[in-house]
Amino acid sequence: MSSSNLSVVSSWAQRLRLVSFAALGAIALSFGPALMPAAAEEDADGGPEYSMKSNLAAESLLLDATYANGRLIAVGEFGHIVLSDDRGATWRQAESVPTQATLTGVTFVGENVGFAVGHDATVLRTTDGGENWELVYNDTESEMAFMTVYFENEDRGFAMGAFSFIVETTDGGDTWEERSLSEGVLDDFHLNKLFSANNGDLYVSAEFGVVYRSPDNGRTFERIQTQYEGSFWGGFGMSDGSVMVFGMRGNAFRSYDNGQTWVKVDTGTDKSIAGGVQLGNGKIVLVGLQGYVGYSEDNGKSFVEVTRADRLGYAAVTDGPEGQIVVFGEPGAKLMPDDMEKAREQVGARISITHMDSDS
């Protein structure tokens with residue numbers, strides 16, 4: 001990345017626009033001067049604002065998704081939480097969601113207990129598989145954004161996001177305390193994605209080419225500086241024990257040695273990448289801006305781009321019905337084949353191969 005580009009990325013204004021994958025550029029964030037105690041999000045009558053029912057909830061901006069007990073749960077703007085019991089073929093809205101904030105991350109612990117996070121330092125909890133949610137943390141005063149959520153078990157977990165803002169619970173979300181990543185780690189980078197490797201180590205994708213790693217379930221983190229200078233927006237662990245992180249301008253890196261060294265991945269694109277997954281059949285798929293969907297047939301060493309004809313931004317991808325994937329982003333949840341050639345035929349997209357310069 002050139003020095004002029006790095007200057008733009010490091011400016012406060014640009015960092016704010018990118019913060020929740022900047023909700024794909026659709027949501028502008030502003031931040032107060034100080035963090036305040038958690039307070040309930042309320043409407044004019046003093047009660048919480050609930051997400052409105054909409055027939056188009058599954059066709060509006062969705063930013064993250066996960067499976068729980070065979071059910072697919074996705075979250076997005078306006079507090080929308082949508083559920084699918086047929087792996088993404090059909091969708092319905094959750095019964096009760098007490099927020100209208102943009103939701104950016106979701107995770108489940110077991111079959112029924114799950115947590116979702118988002119803007120205005122919002123944390124939601126469900127105990128019935130996603131049908132109904134309760135507000136367990138919220139700080140509208142600070143206007144901080146949580147980007148990612150992770151739980152070790154039903155009691156202990158984290159929500160983290162903009163400017164290294166982190167809260168931790170040890171009682172299943174009943175109470176939360178602010179904390180830092182680790183003693184001596186003073187960075188204020190956006191913490192965009194917290195994920196687990198196959199061996200249980202935790203990783204955080206952050207800004208300025210930084211990845212954080214924890215070998216002790218998040219009690220401490222070490223700062224790892226990769227050879228990249230831009231922002232990482234996501235990452236995931238793979239079945240072979242390696243981990244991959246990815247972000248701006250098509251940059252992705254993979255580590256086979258617990259984060260000590262990183263190898264650049266040929267993603268076949270210069271479009272920014274926001275989500276990725278290793279499917280149940282072992283295939284690896286990445287998604288990102290401008291309709292990017294990257295398919296790998298060599299265990300994630302390289303990718304071929306299928307550009308969706310809609311040219312919209314996508315933030316997450318999961319397994320779908322047999323032979324299909326579900327991509328989530330600006331137009332909501334969309335089905336695609338898990339096969340590259342079939343994807344081109346069915347979504348009216350083109351296949352392009354762009355070999356990236358190792359210095360880009």
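Remember, it's a predicted structure, so these values are computed and weren't measured experimentally.

Enquirer: Describe the confidence of the model for the protein chain, with residues and values.
Expert: Mean pLDDT for the protein chain: 86, with 83% of residues reaching 70 or above. Note that pLDDT drops below 50 for residues 1–41; the model gives that stretch 100 contacts with residues more than four away or on any other chain. Taken as a whole, residues 353–360 scores under 50 in pLDDT and shows 18 contacts with residues more than four places along the chain or in a different chain.

Enquirer: Please set out the pairing of strand 2 (residues 71–76) residue by residue, giving values where relevant.
Expert: Among the 6 residues in strand 2, 6 count as buried, and that is most of the element. Burial along strand 2 is two-sided: the face carrying R71, I73 and V75 and the face carrying L72, A74 and G76 are both buried. Bridge count between strand 1 (residues 62–68) and strand 2: 6 bridges; the pairing is antiparallel. Residue pairing for strand 2: A65 is matched across the bridge by A74. In textbook terms, the turn of a hairpin is the stretch between consecutive antiparallel strands, and for strand 1 and strand 2 this stretch comprises 2 residues, one of which, N69, has a positive phi near 55 degrees. In the sheet, strand 2 pairs with strand 3 (residues 81–84) via 4 bridges, with the strands oriented antiparallel. The partner of L72 across the bridge, within strand 3, is S84.

Enquirer: Just give me the short version of the pattern of salt bridges, but keep the residues and values in it.
Expert: Should their charged atoms come close, side chains of opposite charge can pair. Following the criterion strictly, the structure yields 19 salt bridges and no others. Close ionic contact of D85 with R71 constitutes a salt bridge, the shortest N to O distance being 2.7 Å. Separated by 14 residues along the polypeptide, D85 in the loop between strand 3 and strand 4 (92–93) and R71 in strand 2 bring together distant segments of the chain. A relative accessible area of 47% places D85 in the partly exposed class. When its relative accessible area of 15% is taken as the criterion, R71 is described as buried.

What counts and what doesn't
Residues numbered from 1 in each chain as written. Predicted model: local features only at pLDDT ≥ 70, side-chain atom pairs only at ≥ 80, totals over all residues. Heavy atoms only, no water. pLDDT = per-residue confidence, 0-100. Contact = heavy atoms within 4.5 Å. Buried < 20%, exposed > 50% of the residue type's maximum accessible area, 1.4 Å probe, protein only. Helix = DSSP H or I, 4+ residues; strand = E, 2+ residues; numbered from the N terminus. Pairing = 2+ DSSP bridges. Salt bridge = Lys/Arg side-chain N within 4 Å of Asp/Glu carboxyl O.

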